[in-house]
Amino acid sequence: MKVLISGGGTGGHIYPGLAIAKGLEDKFDNTDILFVGTEKGLESDIIPKEGYDLKTITVEGLPRKISLKLFKSFLKTGLGILESRSIIKSFKPDIVIGTGGYVCGPVVLTASLRKIPTLIHEQNAYPGITNRLLARFVDKVALSNGDAKKYFHSEEKTILTGNPVRLEILKKTKKEALKELGINGDKKLILVFGGSRGAESINRSVIELYDKIKDLDLQLLHITGKKGYESVIQKAESMGIKGVEVGDIIIKPYLYNMSAALAVADLVISRAGATGLAEITACGIPAILIPYPYASENHQEYNARSLENNGAAKVILDNELTGKKLYDLVSTLFQDENKLLIMSRASKNLGKPEALDNLVKIIRNLTM
Ligand SMILES: CC(=O)N[C@H]1[C@@H](OP(=O)(O)OP(=O)(O)OC[C@H]2O[C@@H](n3ccc(=O)[nH]c3=O)[C@H](O)[C@@H]2O)O[C@H](CO)[C@@H](O)[C@@H]1O
């Protein structure tokens, strides 16, 4: 089966595509995968590292206001359609899948006009503009969250699947993960990440935990995001924290083996992007969530509250986040192991590890 997957910009759109790619390869022999993204998106770094071919096209998001920029974006989208046509003509996919981000627009639209089976996957309760526009052209719209249904007009096209989680995340054992990360298995570990691009406010307040981590007898794996890494390292060094790859505090710009971090984490501190939360709950990890306040329709707070209301997470709003608040919450949680255990069970209950299988079945049906 030849499968063309397009999705990008941020990790939240890329990793569901990668999960689908690996899920298909796991189920079917002779699966040939090609990704299409943009050069500027994180996909141009992540996809080749995962061992897949990536073709890039010229496209950018459309500005909301009428301006010269809008005209230029239309021209680029036109070019993107021509490039998509040429990629599709030479790859000859049996199905084209879009996992969100504006790069999917020209790719999925071109495939649909050429009568190639098409599927889009929406990770969020409030769908992105590209998926809302593409919905009328595609064969199926797979949703992670039932609340997104009302934004898509065709009832019979939409199907609730959940958000696919990469197989390696579902399968990795703690023993394998400890070896992979080279860290101490005796101490509990807090994993911090601010979505796929990092979060400045989370970095700033987590730094205030650095000198207290030893007192709590914990380890901290702090993923800063590539942009924030240098300033976090400088701050750590000014606090006398050296050897950032060893010891109780490990600071990394980005983790390409997130499966290992998730397999060892006893608590996650993070933003509340839909893909990250699907992984956290599939692994049953308790979380402190600090939703990104500028996400469209405030959808990250919606995501975070849904975990909180089910007992799987505590929420701190970005404008209320301080190092002290974070420290107080972390120490309260680790003082009572039972609290963490209850949160962990609640988290696991919300996880949908079956989402990947659901999508694989839909893809098989569309290509038969
Ligand atoms: C600011 C914004 O609008 N963010 C959106 C974006 O978030 P974003 O791209 O941050 O996506 P998520 O937080 O949902 O997921 C992050 C993904 O990156 C991976 N990861 C992260 C850090 C790292 O070092 N290594 C790594 O592999 C995580 O395992 C996860 O797969 O897409 C999500 C899914 O559409 C949306 O819900 C978010 O609201």
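Bear in mind the structure is a predicted one, so any value in this text is a computation, not a measurement.

### A few points about the nonpolar core
Membership of the largest hydrophobic core comes to 32 residues, with the highest contact counts inside it found for Leu-191, Met-258, Val-268, Ile-280 and Leu-289. At the level of secondary structure, the elements contributing two or more residues to this core comprise strand S8 (188-193), strand S9 (218-223), helix H10 (258-264), helix H11 (274-282), strand S12 (287-289), helix H12 (299-309) and strand S13 (313-315). Broken down by element, the residue count for this core peaks at 5 residues, all from H10. Look past the residues within four positions of Val-268 in its chain and what remains in contact with it is Leu-191, Phe-193, Ile-280, Ile-285, Pro-286, Ala-287 and Ile-288. Listed in part, the 31 residues of the second largest apolar core include Ile-190, Val-206, Leu-220 and Ile-288.

### Here we look at the UniProt feature "binding site: UDP-N-acetyl-alpha-D-glucosamine" (unreviewed entry) in the protein
With numbering aligned to this structure, UniProt lists the feature "binding site: UDP-N-acetyl-alpha-D-glucosamine" (unreviewed entry) at Thr-10, Gly-11, Gly-12, Asn-124, Arg-166, Ser-196 and Gln-300. For Thr-10, the location among the structural elements is in the loop between strand S1 (2-6) and helix H1 (11-27). Here Thr-10 falls in the partly exposed class, since its relative accessible area comes to 30%. Residues within four places of Thr-10 in sequence aside, it is in contact with Leu-42, Ser-196 and Arg-197. Here Arg-166 lies in the loop between strand S7 (158-160) and helix H6 (167-171). By relative accessible area, which is 4% here, Arg-166 ends up buried. Aside from chain neighbours lying at most four places away, what touches Arg-166 is Tyr-15, Ala-19, Met-258 and Glu-279.

### A look at helix H15 (residues 355-367)
The terminal C-alpha atoms of H15, which comprises 13 residues, lie 19 Å apart, in line with the 18 Å expected from a rise of 1.5 Å per residue. Within the sequence span of H15, burial applies to Ala-355, Leu-356, Leu-359, Val-360, Ile-362 and Ile-363. Within H15, the buried residues cover an arc of 160 degrees as seen down the axis, which keeps them to one side. The secondary structure elements touched by the buried residues of H15 are H1, strand S4 (95-98), strand S5 (118-122), strand S6 (140-143), S7 and H6.

Basis of the calculations
Residues numbered from 1 in each chain as written. Predicted model: local features only at pLDDT ≥ 70, side-chain atom pairs only at ≥ 80, totals over all residues. Heavy atoms only, no water. Core = buried A, V, L, I, M, F, W, Y, C linked by side-chain atoms within 4.5 Å. Buried < 20%, exposed > 50% of the residue type's maximum accessible area, 1.4 Å probe, protein only. Helix = DSSP H or I, 4+ residues; strand = E, 2+ residues; numbered from the N terminus. Contact = heavy atoms within 4.5 Å. UniProt positions renumbered as here; feature names shortened; annotations may be inferred. Expected span 1.5 Å × (residues − 1). Arc of directions from axis to C-beta.

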